Each structure stands twice: as structure tokens, then as C-alpha cells.
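The residues making up each chain are set out below.
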Amino acid sequence: IAWTKDGGWHDAEVVPYGPIPMDPASSVLHYGQEIFEGLKAYRHADGSIVAFRPEENARRLNESARRLALPELPVELFVRAVHELVEVDADWVPSGADQSLYLRPFMIADESFLGVRAAHRARFMIIASPAGAYFTGGVKPVSIWLSSELARAGHGGTGAAKCGGNYASSLLPTNIAAANGCAQVLFTDSATEDTIDELGGMNLFLVRADGTLITPALNGNILDGITRKSLIRLAGDRGHAVEERAVTVSEWRDGVADGSIVEAFACGTAAVITPIARLKGEAGTIVDFGEAAPGALTMSLREELTGIQFGVREDPHGWLDVIVPA
Ligand code: PMP
């Protein structure tokens, strides 16, 4: 779908996957005026195809659009675009365990203009790609790396937006994490260095021995994760207290040492929930759950949310958007 400042949104089309023409002076290539989303469509045993909370992605896309000075896209248009693409690609929605059709909506500024200002032209597109199971051979707890020097976002920056620039700044720390045997990098608040923000591509939860869940509050630096939001709801339904507040690395470390924090997990669309085995950093291992990972609550919340997505559990909150009926 194309957008122009004078004409609004127009010219929607579904086309076969392939290269797109791009002027070398397009704003997105120079100033990173770009935002994206990620969601999945699932095929249920009865043959129906559903998407998980697509209107939440539409809402978040518009929050990102405001921060990046891009045009907002009406929620109905976003959801309709998801439907039309999935309908065309229905045969590509896999049916195996943990398989899905990954959708990558994104918006780029494509005015050909070398000055630094918000572009007057943009394009919204969605790519669809079948996705296999994130974990093969069972869910494995991962090690994560505390990035002490390199930040992902700072106060007043674009941390809460889902824009390419945030991911560009997380690539080097992610390489460092990988070189240290870690699957993801943990970012802290650039000003305090101890207050936890999120992982490179996931939100973080800690679980206390009394069943309370703790997760960093939406502080303007972190993404308002849809998996995070869904898990807060499901945990609340079960009677767990959920604290959304500032959380520090020291609180995590001390809580594991004195037995008051018993589990940690990361969450996001791609892996749903990833149990965390340990947190490492420049000074060595900071937290180690050892044999205790993955924890019981981590795995049971994972089972519940994936059960809703794959249609083997009830969907009490109406999170599934039916695209192709049974
Ligand atoms: N934080 C970041 C930086 C992410 O890239 C993602 C993945 N979109 C998340 C959190 C989790 O968000 P969601 O649950 O909506 O996938």
C-alpha cells in the first residue's frame, strides 16, 4: 500500500514475492525512517487459519509511526491487509507442531530527497514466510549476556518503537553475546546500568518463589511486547501477582542467591517463551539457575499460550482472529 502526503493511503495490491524498485536517494536508506512488526498465522487441526492479536500489532505499528514521523495506518486496513495476504498464501500456512506462517509488516519512507526531514511518501508492505519450530528437540534454557558498555536505546530515544535503528544498534552487542556462548543480549538502562530494560528481541520476566511475576515496566525504552502483555493477563487469570516496575540486575542476582527468585524467562512472538538458564557478563557468571531451569511456571505458561495459539486450548480472551474458517 502506498502513501503520499497529499493523497493518503492508496494502491493496495498483493504481488508475488520479489525485489522492489528503490531510488538510491530514498529517505529510508539514509535516515532509517522505517518501522516493522512481527506476528504469526496458525493452522488449526480443524483446517481453520487464525492470526494472534493482529490489531495489537496494528496499534503498536501506529505508535512506532508517530515516533518515526511516518503516517499512521488505519487499524482496519492493517488487519485487512493481513487477511488478504494470508488468504492468498493459505496453502503456505504449515500444519506441523509449532509451525506457523510468519508475517512481517513494515513501513518505509521512500521519498527521493537528500535533505533531513520527514518524507512525504511511504510504503507499507507485508512479507509472509513459513516458520518452523523455534526449538527443535524440546525447549532448551538459554544463556544471556549482559551488555554493560553498549546500549540499545536511551531516554527520549526510539527504544519503545519497533524501528530498524534499534536493531542496528543491538547487532554488535548480539555478536559479543554469541562470542560468549549466549543466545541473546540483555540491555540495561543506559543511565543507571543496573536497571533492566529488555533483551535484543524479547521482554524479560523473573519469577519469585511465592509465584509473583516481575517484569520491567514500559518505561519508554522498551517494546510493548504482545507476548508480554498476553502473559501478564494469563498469569493474572491464574491468580499470580504481576509487578510491572523497575527491576535491577542486582535484585535478580541477590534474589537467586537467597532463593526468593526461582525462574527467569524471555518472551516474544518468535519463541513465545524461552527459559533462561544463566546470565553472564564481563565479570563472569552473574546468575545461574543450573538444573532448576526451565522452571515449572515458565513451562506451564508457555504451554498455555502456545495452546491458545494452536487451537488446542480455549481462547478465553478472544485473541484469535479467524482468517480462514474451518
Ligand atoms: N522486545 C524487542 C526488542 C523485540 O524485538 C520483541 C519482538 N517483537 C519483543 C520485545 C517482544 O515483542 P512481541 O511479544 O510483540 O513479539
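Residues numbered from 1 in each chain as written. Predicted model: local features only at pLDDT ≥ 70, side-chain atom pairs only at ≥ 80, totals over all residues.

- The protein chain goes by Branched-chain-amino-acid aminotransferase in an unreviewed UniProt entry, where it is assigned to Leucobacter allii.
- What UniProt states about the protein chain under its Cofactor (unreviewed entry) heading is, verbatim, "pyridoxal 5'-phosphate".
- Quoted verbatim from the Sequence similarities (unreviewed entry) field of UniProt, the annotation for the protein chain is "Belongs to the class-IV pyridoxal-phosphate-dependent aminotransferase family." (UniProt positions renumbered as here; feature names shortened; annotations may be inferred.)

## Considerations on the overall build of the protein chain
Inference 1: Broken down by element type, the protein chain carries 7 helices and 17 strands.
Inference 2: Here the protein chain has a C-alpha radius of gyration of 20 Å; the compact-globule value for 326 residues is 20 Å, and the two agree.
Inference 3: Overall, the protein chain is about 60 × 50 × 30 Å in size when its C-alpha atoms are taken along their principal axes. (Helix = DSSP H or I, 4+ residues; strand = E, 2+ residues; numbered from the N terminus. Rg over C-alpha atoms; globule rule 2.2 N^0.38 Å.)

## Quick look at the site of the ligand
Inference 1: Around the ligand, the neighbouring residues are Gly38, Glu198, Gly201, Met202, Asn203, Leu223, Gly225, Ile226, Thr227, Arg228, Gly268 and Thr269.
Inference 2: Take the shell around the ligand: its biggest share by element is 3 residues, from helix H5 (residues 226-237).
Inference 3: Its residues assigned to classes, the shell around the ligand shows 3 nonpolar, 7 polar and 2 charged. (Near = placed C-beta within 6 Å. Nonpolar A, V, L, I, M, F, W, Y, C, P; charged D, E, K, R; others polar.)

## Quick look at the pairing of strand E11 (residues 203-208)
Inference 1: Of all 6 residues in E11, 5 are buried; the element is thus mostly enclosed.
Inference 2: Two elements, E11 and strand E14 (residues 261-268), share 6 bridges in a ladder whose sense is antiparallel. Bridged to Val207 within E14 is Glu263.
Inference 3: As paired strands, E11 and strand E12 (residues 213-216) are joined by 2 bridges and run antiparallel to one another. The partner of Leu206 across the bridge, within E12, is Ile214.
Inference 4: Counted along the chain from E11 to the antiparallel partner E12, the turn is 4 residues long, and its residue Gly211 has a positive phi close to 90°. (Buried ≥ 20, exposed ≤ 12 C-beta atoms within 10 Å, placed from the backbone. Pairing = 2+ DSSP bridges.)

## A short note on unusual backbone geometry
Inference 1: Of note, the bond from Ala293 into Pro294 is cis; its omega dihedral lies within 30 degrees of zero at -5°.
Inference 2: Mapped onto the secondary structure, Pro294 falls in the loop between strand E16 (284-288) and helix H7 (296-309).
Inference 3: Phi at Asp98 takes a positive value of approximately 65°, unusual for a residue other than glycine.
Inference 4: Here Asp98 lies in the loop between helix H3 (75-88) and strand E6 (100-109).
Inference 5: Taking the number of C-beta atoms within 10 Å as the measure of exposure, Asp98 has 18 and is therefore partly exposed.

## A word on the domain arrangement of the protein chain
Inference 1: Domain assignment breaks the protein chain into domain 1 (2-131) and domain 2 (142-294).
Inference 2: A straight line from the C-alpha centre of domain 1 to that of domain 2 covers 27 Å.
Inference 3: Elements represented by at least two residues in the side of domain 1 that touches domain 2 include exactly strand E3 (34-36), strand E4 (39-43) and helix H2 (54-67). (Domains from an automatic or database assignment.)

## Considering the confidence of the model for the protein chain
Inference 1: With 100% of its residues at a pLDDT of 70 or more, the protein chain shows a mean pLDDT of 96.
Inference 2: Under the prediction, the complex receives an ipTM of 0.99, its pTM being 0.97. (pLDDT = per-residue confidence, 0-100.)

## Comments concerning the nonpolar core
Inference 1: Counting 44 residues, the largest nonpolar core has Ile144, Leu186, Phe205, Leu206, Cys267 and Ile276 as its most contacted members.
Inference 2: By residue number, the principal contributor to this core is E14, which donates 6 residues.
Inference 3: Residues contacting Ile276, with those up to four places away along its chain left out, are Pro141, Val142, Ile144, Ala264, Phe265, Ala266 and Ala293.
Inference 4: In terms of nonpolar packing, the next biggest core, distinct from the first, is built from 35 residues, Phe52, Leu70, Met107 and Ala161 among them. (Core = buried A, V, L, I, M, F, W, Y, C linked by C-beta atoms within 7 Å. Contact = placed C-beta atoms within 7 Å.)

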